[in-house]
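# Structure at a glance
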Amino acid sequence: MPVEGSERDSIRLGMTVKVVQKQDQKSGQLTEGVVKKILTNSKNHPHGIKVMLENGIVGRVKMIVS
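Residues numbered from 1 in each chain as written. Predicted model: local features only at pLDDT ≥ 70, side-chain atom pairs only at ≥ 80, totals over all residues. Heavy atoms only, no water.

## Concerning the sheet that holds strand β3 (residues 50-53)
Spatially, the 4 strands close up into a barrel ordered β1-β2-β3-β4, and their pairing is antiparallel. Adjacent strand axes in the sheet meet at a mean angle of 75 degrees, parallel and antiparallel pairs treated alike. By the bridge criterion, 4 bridges tie strand β1 (residues 16-20) to strand β4 (residues 58-64) in an arrangement that is antiparallel. Paired with V17 across the bridge in β4 is I64. (Pairing = 2+ DSSP bridges. Helix = DSSP H or I, 4+ residues; strand = E, 2+ residues; numbered from the N terminus. Axes fitted to C-alpha atoms, helices over the stretch in contact; angles between N-to-C directions.)

## Observations regarding the pairing of β4
Here β3 runs beside β4; their pairing, made up of 3 bridges, is antiparallel. Within β4, the position partnered with M52 by the bridge is V58. Adjacent in sequence and paired antiparallel, β3 and β4 are bridged by 4 residues, among which G56 carries a positive phi angle near 95 degrees.

## Considering the environment of V17
Note that V17 resides in strand β1. Residues V17 and I64, spaced 47 residues apart in sequence, show a C-alpha to C-alpha distance of 4.4 Å. If sequence neighbours within four positions are ignored, V17 has contacts with T31, E32, G33, V35, L53, V61, M63, I64 and V65. (Contact = heavy atoms within 4.5 Å.)

Next up, the structure:
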C-alpha cells in the first residue's frame, strides 16, 4: 500500500499534514503542521513527499489531515 503523502499532486501549500522527521524514522513519531514549502521535485516518492512546515520542521508526509 503506497504512503498517503507519496504523490506530490495530493499535497498543497497551507494544508495540515503529519510528517516523520529524519531523526524519528526509526520510532515512526509523527509531527503535525502546515505545509509551507514542498521540497521534493519528483512526482512521487515511496517514503513520502518531503516538505517544510511553517514552523521550519522538515519531514516526509505520512498523513494528510486536511
